[in-house]
Amino acid sequence: MLTDKNENPRILPAVLYKYMSANRITFFDDWLIRFTQPIALNDPFEMRPHIAGYGTPEEVHEIATRRWEEHVRKQYAAIVRKSIGQGEPMKFDTFRADMEHTRASQIENALLQAPGHNAVMAEKINELVNKSIGVLSLCEHYDSLLMWPHYGDNHRGFVIELDASSSFFHRTAPPEHVNADKEESASFTAEYGRLRPIQYLTDRPSAVVTGLSFDTLLVKGEDWEYEGEWRMLMPLEYADLNNLSLQQGLPVCLFAVPPSSVKAILLGCNSSKELLDQVLKLRANPETQHIRIAKAHVDQKHFRLNFVEVH
């Protein structure tokens with residue numbers, strides 16, 4: 001389990017919240033929610049750890065040694081081709097022994113050049129992450145005076161209160177419409193389809209490619225700690241709907257949320273009557289009659305929002 005900077009375990013709350021802008025009023029028609037590519041989120045460090053190299057010093061040395069062996073064999077093969085019709089070429093073991101004096105210097109040179117590839121590897125990893133992983137960001141607070149303007153359309157939008165125990169957030173296998181083999185299913189179970197806490201740290205995490213894990217990707221700077229964020233990751237190719245319209249040049253990948261997982265809808269203090277009327281229509285549907293509806297009001301004395309039930 002991930003821990004926060006004080007090494008206190010973060011326990012999954014009973015409910016989590018999703019801030020939405022007013023133009024997402026269509027959510028109440030289709031119950032589709034976006035799992036967003038990391039690059040489309042508002043943190044430029046999103047899921048981008050520092051890449052310190054391809055592997056551990058031992059792994060990199062082993063790779064350099066293997067490449068030296070491959071280089072020697074290629075050189076020997078070239079000599080053999082040239083000697084056709086000119087008699088028997090020397091044995092490979094003899095040639096290799098003659099080349100042994102180059103081993104240490106060539107391996108050392110490869111090790112010195114290795115850090116020069118880190119930036120390229122980091123960019124390729126970033127491209128892969130953004131092509132394959134979708135992020136659903138939820139939080140622990142519905143009344144944050146910072147999050148309402150940032151994510152709630154300047155208090156014109158709404159917040160969805162979600163049941164964290166819903167099976168939607170505890171998937172043990174890929175969706176039924178995905179024809180996944182055993183290996184893909186095992187990978188999904190290990191990393192996707194469940195709620196995971198964000199870890200907030202002072203320093204950016206550093207990792208080598210061979211030691212890169214999803215936990216390393218679920219780290220943000222301490223400045224974001226006020227959000228109390230939890231995330232669910234899904235493969236983008238598993239989306240129920242890949243919207244053909246693009247945002248920031250990226251496809252909008254939507255997943256169906258069961259209405260039963262929604263416990264309440266909290267309207268912003270600047271939300272419109274149109275939004276309220278749309279939400280109130282949910283009471284006519286037996287599948288959504290259970291959803292509590294409330295609206296925020298500015299407290300007359302304190303810097304806080306008071307939420308009043310709408311009847």
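Residues numbered from 1 in each chain as written. Predicted model: local features only at pLDDT ≥ 70, side-chain atom pairs only at ≥ 80, totals over all residues. Heavy atoms only, no water.

### Some details on the pairing of strand E4 (residues 133-139)
To keep it simple, the criterion reads: Only protein chains enter the accessibility calculation, which uses a 1.4 Å probe; a residue whose area is less than 20% of its type maximum is buried, one above 50% is exposed, and one in between is partly exposed. Strands here mean DSSP runs of E at least two residues long; helices mean DSSP runs of H or I at least four residues long; both are numbered from the N terminus. Two strands are said to pair when DSSP picks up at least two bridges between them.
The buried fraction of E4 is high, at seven of seven residues. Side chains of E4 alternate between two faces, with Ile133, Val135, Ser137 and Cys139 and Gly134, Leu136 and Leu138 buried alike. Relative to strand E10 (residues 229-235), E4 is paired through seven bridges, and the arrangement is antiparallel. Looking at E10, one finds that Leu136 is bridged to Met232.

### With respect to helix H3 (residues 92-99)
As a reminder of what qualifies: Arc, as used here, means the arc of the directions from the helix axis to the C-beta atoms. Pairs of residues are marked as contacts when any of their non-hydrogen atoms sit within 4.5 Å.
Taken as a whole, H3 has its buried residues at Phe92, Phe95 and Met99. Each buried residue of H3 sits inside an arc of 65 degrees when the element is viewed along its axis, so together they form one side. Among the exposed residues of H3, those oriented more than 90 degrees off its buried face are Asp93 and Ala97. Lining the buried residues of H3 we find helix H2 (57-82) and helix H4 (103-113).

### A few points about the pattern of salt bridges
Our working rule: We define a salt bridge as a side-chain nitrogen of Lys or Arg found within 4 Å of a carboxyl oxygen belonging to Asp or Glu.
Applying the stated criterion to the full structure yields 18 salt bridges. Across the salt bridge formed by Arg10 and Glu140, the nearest N and O atoms sit 3.0 Å from each other. Within this pair, whereas Arg10 is found in the segment before strand E1 (15-20), its partner Glu140 is found in the loop between E4 and helix H6 (147-151), the two being separated by 130 residues in sequence. Residue classification places Arg10 among the buried positions, given a relative accessible area of 12%. Arg231 is the partner of Glu46 in a salt bridge, and the nearest nitrogen-oxygen pair spans 2.6 Å. Residue Glu46 is found in the loop between strand E2 (32-34) and strand E3 (50-53), and its partner Arg231 is found in strand E10; the two are separated by 185 residues along the sequence. The exposure class assigned to Glu46 is buried, which follows from its relative accessible area of 4%.

### Remarks on helix H9 (residues 273-280)
Every buried residue belonging to H9 is among Leu275, Gln278 and Val279, and all of these are buried. The arc that holds the buried residues of H9, viewed along the axis, is 95 degrees, so those residues lie on one side. Set apart from the buried face of H9 by more than 90 degrees, the exposed residues are Lys273 and Glu274. Here the buried face of H9 lies against helix H1 (27-30), strand E5 (158-163), strand E13 (262-267) and strand E14 (292-298).

### Here we look at the layout of surface pockets
Here is the rule: The distinction between a cavity and a pocket rests on a 1 Å grid over the protein atoms alone: a 1.4 Å probe fits inside a cavity but cannot get out, while a pocket stays open yet meets protein on both sides within 12 Å along at least five of seven lines, and a residue with an atom within 4 Å of a point counts as lining. Grid points are joined across faces, edges and corners, and a volume is the space filled by probe spheres set on the points. In the scheme used here, Gly and all other residues not listed as nonpolar or charged are polar, with Ala, Val, Leu, Ile, Met, Phe, Trp, Tyr, Cys and Pro taken as nonpolar and Asp, Glu, Lys and Arg as charged.
Here the largest pocket is characterised by a volume of approximately 950 Å³. In this structure, the largest pocket is lined by 38 residues; those nearest its centre are Lys18, Tyr19, Arg34, Thr36 and Leu41. Listed by contribution, the elements that provide at least two residues to the lining of the largest pocket are E1, E2, E4, H6, E10, strand E11 (241-247) and strand E12 (250-256). When residues of the lining of the largest pocket are assigned to their parent elements, the largest contribution, five residues, is made by E4. When grouped by side-chain class, the residues that make up the lining of the largest pocket number 17 nonpolar, eleven polar and ten charged. If you add up the space inside the second largest pocket, you get close to 480 Å³. Looking at the second largest pocket, it is lined by 18 residues, and the ones nearest its centre are Tyr54, Val60, Arg67, Ala114 and His117. Breaking the lining of the second largest pocket down by element, the ones donating at least two residues are E3, H2, H4 and helix H5 (118-132). The biggest single contributor to the lining of the second largest pocket is H2, with six residues. Of the residues in the lining of the second largest pocket, the class split is eleven nonpolar, five polar and two charged.

These figures capture arrangement, not role.
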